[in-house]
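Tertiary structure, described
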Amino acid sequence: MLYALFTMVLLTLGVGCIALKSRVGSVNNKSLSIKYFQVMQGDNIPLSVMKSSRCFNNMFEIPVLFYVVGSLYISLNIDSSFAIICAWLFVIARCIQATVHLTYNNVIHRMLAFWLSTACVLALWINLLVQQM
């Protein structure tokens with residue numbers, strides 16, 4: 001479980017680096033004023049900045065539920081092959097979702113990856129409850 005959690009941390013940091021690079025690049029090439037970042041509002045925001053920022057924000061939504069449930073499995077010392085499979089499926093789905101979001105951004109593909117990851121988190125929570133009965 002710990003390795004899946006750590007991989008999600010790496011994914012989050014990687015997406016954060018991509019967002020930072022996009023932001024700095026847009027300021028350096030003068031396609032966006034640095035003042036935009038004071039309140040994150042303005043007009044004519046480059047698509048790369050919007051996509052990478054939104055993708056980075058997504059790393060702090062559903063994944064929070066994953067971090068909590070994964071931490072509970074570890075702290076409660078629950079050894080479950082099903083949970084490990086669900087955890088890695090979650091990570092893979094989130095990697096796919098981020099890749100789609102940051103590249104060709106097909107909404108249907110992104111949505112499918114999102115719902116797969118959400119189903120994995122739900123399965124982890126249900127399995128945790130069953131394990132504790």
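This text gives an overview of the structure that appears in the document. All of these numbers come straight from a predicted model, not from anything done at the bench.

Quick look at helix 1 (residues 2–28) now. Taking 1.5 Å of rise per residue, 27 residues should cover 39 Å, and helix 1 covers 39 Å from first to last C-alpha, within 8% of that figure. Here helix 1 has its buried residues at Ala-4, Leu-5, Met-8, Leu-11, Thr-12, Val-15, Gly-16, Ala-19, Ser-22 and Ser-26. Looking at the buried positions of helix 1, the neighbouring elements they touch are helix 2 (36–39), helix 3 (47–58), helix 4 (62–75) and helix 5 (81–102). Phi for Lys-30, located one or two positions after helix 1, is positive at around 65°.

The periodicity of an α-helix, 3.6 residues per turn, causes residues three or four places apart in sequence to face the same way. For helix 4, which comprises 14 residues, the first-to-last C-alpha distance of 20 Å matches the rise-based estimate of 20 Å (1.5 Å per residue) to within 8%. Buried within helix 4 we find Ile-62, Pro-63, Phe-66, Val-69, Gly-70 and Tyr-73. Buried residues of helix 4, viewed axially, fall in a sector of 125°; they line one side. Structurally, helix 4 contributes buried residues whose contacts are with helix 1, helix 3, helix 5 and helix 6 (107–131). A positive backbone phi angle near 55° is found at Asn-77, which sits one or two residues after helix 4.

The next point concerns the pattern of salt bridges. Per the stated rule, a full pass over the model turns up one salt bridge. The residue Glu-61 makes a salt bridge to Arg-54 at a minimum N-O spacing of 3.1 Å. Residue Glu-61 is classed as partly exposed on the basis of its relative accessible area, which comes to 38%.

Scoring rules and cut-offs
Residues numbered from 1 in each chain as written. Predicted model: local features only at pLDDT ≥ 70, side-chain atom pairs only at ≥ 80, totals over all residues. Heavy atoms only, no water. Helix = DSSP H or I, 4+ residues; strand = E, 2+ residues; numbered from the N terminus. Expected span 1.5 Å × (residues − 1). Buried < 20%, exposed > 50% of the residue type's maximum accessible area, 1.4 Å probe, protein only. Contact = heavy atoms within 4.5 Å. Arc of directions from axis to C-beta. Salt bridge = Lys/Arg side-chain N within 4 Å of Asp/Glu carboxyl O.

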